[in-house]
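Structural description and commentary
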Amino acid sequence: MMDELSRDPALAAALHDAGAPAPEVDWDALRARISADARMPLARRRPSRRPAVRLRALLPLAAAAGVAGLALATLPDRRPPAVTPQERTEIQAALRESLPDQVALLISGEAAEAALLESAEENAGGEN
């Protein structure tokens, strides 16, 4: 370590003129005092490594998930009632009667390709 008096010649001259010898500095004691004073503020800035702190932050989320799971488990079954074959036939007949032919074919899935080809041919024939 460099001597304080050789770093600052003006300070060295002032101390020699005052007649007092240059004070001895206990660098180890100074370093220990600075470290002790900075230990607590630095410790507050470090992230916590304790798992209990992380778990405490997750407790409200876990409680909410538990309540939501319990509510969903106790809800009545909301599936639509099964459609009988007779009802299915009536629904399809009503759709055929109420919708234009091309739309009914497309919705039912029956002959969908044929309906598209037929429609394309009609449009192409009208342009010629």
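The rules we used
- Residues numbered from 1 in each chain as written.
- Predicted model: local features only at pLDDT ≥ 70, side-chain atom pairs only at ≥ 80, totals over all residues.
- Heavy atoms only, no water.
- Helix = DSSP H or I, 4+ residues; strand = E, 2+ residues; numbered from the N terminus.
- Buried < 20%, exposed > 50% of the residue type's maximum accessible area, 1.4 Å probe, protein only.
- Areas by Shrake-Rupley, 256 points an atom, 1.4 Å probe, with all protein chains shown as cover.
- pLDDT = per-residue confidence, 0-100.
- Salt bridge = Lys/Arg side-chain N within 4 Å of Asp/Glu carboxyl O.
- Expected span 1.5 Å × (residues − 1).
- Bend = angle between axes of the 7 residues up to and from the residue.
- Patch = residues over 30% accessible without salt bridge, like charges linked within 9 Å, V, L, I, M, F, W, Y side chains within 5 Å.

As a further point, take the overall build of the protein chain. Along its length, the protein chain carries seven helices and zero strands. Tracing the protein chain from N to C terminus, the helices and strands come up as α-α-α-α-α-α-α. A burial count over the protein chain gives 3% of its 128 residues as buried. Of the roughly 11600 Å² of accessible surface on the protein chain, a fraction of 61% belongs to carbon and sulfur atoms.

Before going further, it helps to spend a moment on the confidence of the model for the protein chain. When pLDDT is averaged along the protein chain, the result is 75, and 73% of the positions lie at 70 or above. Considering each helix and strand of the protein chain separately, the mean pLDDT is smallest for helix H1 (residues 4-7), with a value of 59, and largest for helix H3 (residues 27-45), with 86.

This part is about the pattern of salt bridges. Under the defined criterion, the tally for this structure stands at one salt bridge. With a shortest N-O distance of 3.3 Å, Asp28 and Arg31 are connected by a salt bridge. Taken together, the residues span about one helical turn, with Asp28 and Arg31 both in helix H3 at a distance of three residues. By relative accessible area, which is 48% here, Arg31 ends up partly exposed.

This part is about H3. Over its 19 residues, H3 extends 27 Å from the first C-alpha to the last, a length consistent with the 27 Å expected when each residue adds 1.5 Å. In the structure, H3 departs most strongly from a straight axis at Arg39, where the bend amounts to approximately 40 degrees and where the proline Pro41 lies between one and four residues downstream.

Where nonpolar side chains cluster on the molecular surface, the patch consists of Val25, Trp27, Leu30 and Ile34 and spans about 330 Å² of accessible area. Note on Val25: relative accessible area 39%, which makes it partly exposed.

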